[in-house]
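Breakdown of the fold
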Number of protein chains: 2
Amino acid sequence: MIRVSSLLLCLLFTVVVHASFKVEKQRFSMAEFTTLGGQTIKQLEVGWEAYGTLNAAKDNVVLITHYFTGNSHAAGYYSDTDPQPGYWDAIIGPGKAIDTNKYYVVSVDSLANLGVGDPNVITTGPASLNPATGEHYGLTFPVVTIRDFVNVQQALLSSLGITKLHAVVGPSMGSMQAIDWALAYPDWVPRVISVIGTAQSDPWTTALLERWAIPIRLDPNWNNGNYYNATPPTEGLTYALMFITQDALTPEFFAQMGASKAVRHAPLEEAPLADINASHRIVQWLHQRAAARAAMFDANHLLYLVRACQLFIAGHTDDLRTSLKRLDAKTLWLPAEDDFLLLPELAKSAHQQVQESGKSSELHMLSGAMGHLEGVAGIAQHADTIQQFLAN
Amino acid sequence: MIRVSSLLLCLLFTVVVHASFKVEKQRFSMAEFTTLGGQTIKQLEVGWEAYGTLNAAKDNVVLITHYFTGNSHAAGYYSDTDPQPGYWDAIIGPGKAIDTNKYYVVSVDSLANLGVGDPNVITTGPASLNPATGEHYGLTFPVVTIRDFVNVQQALLSSLGITKLHAVVGPSMGSMQAIDWALAYPDWVPRVISVIGTAQSDPWTTALLERWAIPIRLDPNWNNGNYYNATPPTEGLTYALMFITQDALTPEFFAQMGASKAVRHAPLEEAPLADINASHRIVQWLHQRAAARAAMFDANHLLYLVRACQLFIAGHTDDLRTSLKRLDAKTLWLPAEDDFLLLPELAKSAHQQVQESGKSSELHMLSGAMGHLEGVAGIAQHADTIQQFLAN
């Protein structure tokens, strides 16, 4: 209860003038990029951020790979009046677990990033203009994969003269990128931290992810992805985001919300009993929250991120065990106990397979009522674990 | 693996001439019925079935209350060539756990039953003609509740001269009816068996149920419920049924499906990599299964059943603990270990509250890869528990 209240207070009311470090979004461009599926994207652009200083040997780089609804803003503030820092500010910064006095911390916006309406996101995806036609790509944009995100990041790092990483660390969809990095570029990656992660999309996860795409495809405004000069499928996108929010939280969290004055849940509410079109307050709360986020996000981009995650298997081979046998990096797995989205069994199974192939693997559980989201908002509970893993 | 294969074989190929008992659907009518919300339904009709013989004292009645996608066909066959029996045939019949040599077993189709297109379902709901207008009700049909299902059942039993039950037994949505019976008609109900059940819809469950309604509401053919003289929202209904199927199963079950020849799942499938509109095979499997079921079901009815379940709290009061303190019936709870729909914690919590108020309550777990569905397809694993509970 205290946890949830603090989170809400933080989300709703915190406008603090703070002394933490400032960051700015930078832009990385590629004239041409070839996807894993063999398609070409011209004039690709993504945003990126860095915290700390690249050393002379250029070997102190920690790459942070972001989650599904996130972007490269992993830490710091954009301005003195920025209401909140990057999502992992609790563990990234001077003297923190991922210590910017030691490490040069880099993070990159994904392709098809959701935050098309966020002024601090730079991404290339279906909402972008196709330079060949001058029109928005829509569904003519090629399917992109976790491997493509990795390859774009590698191109960016290479452009900085970097040839090796100290570690790749990411939560959720970021965990997919982290483990895939170690298989795509084994010489680069000695350490991987997979937070609330998985080493592949099993059938359950593939079907669960499909649920996020369905409301968008059903919204008549979606129009097979052609809505950039018309009304966007905001309703479908809002429902998709409602699903994501619930999947990323827990019954315990919802019970706390439902017991709060603002959201108070009683099954036998008057309005839903009187009117089939009325909603329970807990549903209204989810809807309002999702609608606010939908304003910043693009519906087609959500479909493409769903597909990237569905297609994910570490190493992008056809067999996970074979992939994991090839893994040389040390791995640290931090699944969350009450994760309803990427079930902790997924990380446990990967950890076990890595150990069985004689490699070093460590696993610790995150806990708390936020479930999957403990890997973002509750990551500080394993700050020491992360710090020690990076030091060895 | 053996379990799943057998189930599939059973679902797909079994056409058996069998010696088990025959049943037929009967019809119960009420000139007028008043809902919990105070609305009137005229010329209400529901179907019902009975197995066994009502004794002279009319005190050997076991009422079976059905689950969300089910109906009153709980046991037996309609004909010699009927491919499968009622859903709980494994525990209902001569010499079985709910022994029709002893008990007169009655089951009743719910109001707003999904199976509008099923010739063996008789129900009154939004798809029915409103006798006042001669038009389909659509959303003018009043919101109905679990209590309304109970009241219709009670009226039917009363019409047979029955004034007392031996037990009420039901899975899932049926478990809601079973426990509500004991609070609505305490003099009637000495025993309640709640299978894969809950004593109320907590905020999580309310939001989870809302997901089933969303695809229907998004389908343009839904047209605010007015589709009876037009194309029905089959696509939205199909997606709703996909969600229900996944919620009622488990990652383990999906893994077994994904490993089968017919459904073989590999994340990196060719078609989904090449085409954003292609689907993974596990998604196709879910869709095909759901589309077949959608042909028999009505979309508005699904919305009304969702609402009935969302509004459920045992006793239909505003506080569960107060309700459960009034409970006089002995209760047996049979939640499923890997239930992702009605989490086993819900039944455990209700069981604990009943015990804390000094009443008799028993709890045993169902287990197996079918998760929630173990309460339907796997119920035989607790046949003895049920038999013993009914005998005492």
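Residues numbered from 1 in each chain as written. Chains lettered and ligands numbered in written order. Predicted model: local features only at pLDDT ≥ 70, side-chain atom pairs only at ≥ 80, totals over all residues. Heavy atoms only, no water.

With respect to the relation of the copies chain B and chain A
Mapping between the two chain copies consists of a rotation about an axis together with a translation along that axis. Operational definition: We place the copies in one frame by least squares, fitting the C-alpha atoms of every residue whose pLDDT is at least 70 in both.
Laying chain B over chain A is done by rotating through 180° and shifting 0.0 Å along the axis; what remains is an RMSD of 0.0 Å. Such values leave the two copies arranged in the relation of a two-fold axis.

Quick word on the pattern of salt bridges
Operational definition: By convention in these notes, a salt bridge is any Lys or Arg side-chain nitrogen within 4 Å of a carboxyl oxygen on Asp or Glu. Note on conventions: DSSP H or I runs of at least 4 residues are helices, E runs of at least 2 residues are strands, and numbering of each starts at the N terminus. Residue exposure (1.4 Å probe, protein chains only): buried if accessible area is under 20% of the type maximum, exposed if over 50%, otherwise partly exposed.
Considering all chains together, one arrives at 19 salt bridges over all chains under this definition. A salt bridge links E269 of chain B to R281 of chain B; its shortest N-O distance comes to 3.5 Å. Taken together, the residues span a long stretch of sequence, with E269 of chain B in the loop between α6 (251-258) and α7 (270-274) and R281 of chain B in helix α8 (residues 281-294) at a distance of 12 residues. Owing to a relative accessible area of 37%, R281 of chain B belongs among the partly exposed residues under this scheme. Overlapping salt bridges bring together K25, E49 and D109 of chain A as one network.

Concerning the sheet that holds strand β1 (residues 26-34) of chain A
Residues and elements named next belong to chain A. What counts here: Two strands qualify as a pair provided that DSSP identifies no fewer than 2 bridges between them. Between N-to-C directions, angles span 0 to 180 degrees; the directions come from axes that are lines fitted to C-alpha atoms, helices contributing only their stretch in contact. Whether two residues touch is decided by their heavy atoms; if any such pair falls within 4.5 Å, the residues are in contact.
Reading across from one edge, β1-β2-β6-β3-β7-β8-β9-β10 is the order of the eight strands in this open sheet, with mixed pairing throughout. For this open sheet the edge positions go to β1 and β10 (361-363), each flanked by a neighbour on one side alone. Here the average twist between neighbouring strands, direction ignored, is 20°. Of the strand pairs in this sheet, strand β7 (residues 167-171) and strand β8 (residues 191-195) are connected by four bridges, and their pairing is parallel. The residue bridging P171 from the neighbouring strand is V195, located in β8. Set on the sheet, helix α2 (residues 146-159) makes contact with β1, β2 (40-51), β3 (61-64) and β6 (104-108); between it and β1 the angle comes to about 120°. Strand contacts of helix α3 (residues 173-184): β3, β7, β8 and β9 (330-334), with the helix running at about 155° to β7, the strand carrying the most contacts.

Let's talk about the confidence of the model for chain A
So the rule is basically this: Per-residue confidence from the predictor is reported as pLDDT, a score between 0 and 100.
On average, chain A scores 95 in pLDDT, and the residues at 70 or more come to 95%. If you check the scores for this complex, the pTM reads 0.94 and the ipTM reads 0.94.

Quick look at the interface of chain B and chain A
So the rule is basically this: Here the buried area means the combined drop in accessible surface, using a 1.4 Å probe, for two parts upon being joined, counting both sides. Only Asp, Glu, Lys and Arg are considered charged in this grouping, and only Ala, Val, Leu, Ile, Met, Phe, Trp, Tyr, Cys and Pro are considered nonpolar; every other residue, Gly among them, is considered polar.
Every contact between the two is made by 63 residues of chain B and, on the other side, 62 residues of chain A. Roughly 5200 Å² of surface becomes buried between chain B and chain A when both sides are summed, with 71% attributable to carbon and sulfur atoms. The largest contributions to the chain B side of the interface with chain A come from W204, R211 and I276 of chain B, which together make up 17% of the buried area. Put simply, R211 of chain B and D247 of chain A hold a salt bridge, and the shortest N to O gap is 2.8 Å. When residues of the side of chain B that touches chain A are traced back to their parent elements, those giving at least two are α4 (203-218), α5 (234-248), α6, α7, α8 and α9 (299-310) of chain B. When residues of the side of chain B that touches chain A are assigned to their parent elements, the largest contribution, 11 residues, is made by α4 of chain B. Split by residue class, the side of chain B that touches chain A holds 36 nonpolar, 17 polar and 10 charged.

Re the nonpolar core
Short version of the rule: Only buried residues count toward a nonpolar core, which is a set of Ala, Val, Leu, Ile, Met, Phe, Trp, Tyr and Cys residues joined through side-chain atoms within 4.5 Å.
Core analysis: the largest hydrophobic core is formed by 200 residues, its most contacted members being F68, W181 and L302 of chain A together with F68, W181 and L302 of chain B. Not counting residues within four places of it along the chain, the set of residues in contact with F68 of chain B comprises L114, M173, W212, I244, L302, L305, V306 and C309 of chain B.

Here we look at empty space enclosed by the protein
Unoccupied space between atoms shows up once a probe the size of one water molecule is rolled over them. We count it as follows: Cavity means a closed set of points on a 1 Å grid over the protein atoms alone, one where a 1.4 Å probe fits but cannot get out, pocket means an open set with protein on both sides within 12 Å along at least 5 of 7 lines, and lining means a residue has an atom within 4 Å of a point. Grid points are joined across faces, edges and corners, and a volume is the space filled by probe spheres set on the points.
Applying the stated criterion to the full structure yields five cavities of 30 Å³ or more. Estimates place the volume of the largest cavity at around 140 Å³. Around the largest cavity, the lining residues are W204, L208, R211, Q246, D247 and F340 of chain A together with W204, L208, R211, D247 and F340 of chain B. Listed by contribution, the elements that provide at least two residues to the lining of the largest cavity are α4 (203-218) and α5 (234-248) of chain A together with α4 of chain B. Looking at side-chain class alone, the lining of the largest cavity contains six nonpolar, one polar and four charged residues. Within this model, the second largest cavity holds a volume of roughly 50 Å³.

Side note on helix α12 (residues 383-391) of chain A
All names here are of chain A. Here is the rule we go by: In this description, the arc belongs to the directions extending from the helix axis to the C-beta atoms.
Inspection of α12 places A383, T385, I386, F389 and L390 among the buried residues, and these make up the whole buried set. For α12, the angular spread of buried residues about the axis comes to 165°, placing them on one side. Projecting away from the buried face of α12 at angles above 90 degrees are the exposed residues D384, Q388 and A391. Looking at the buried positions of α12, the neighbouring elements they touch are β5 (98-99), β7, β8, β9 and β10.

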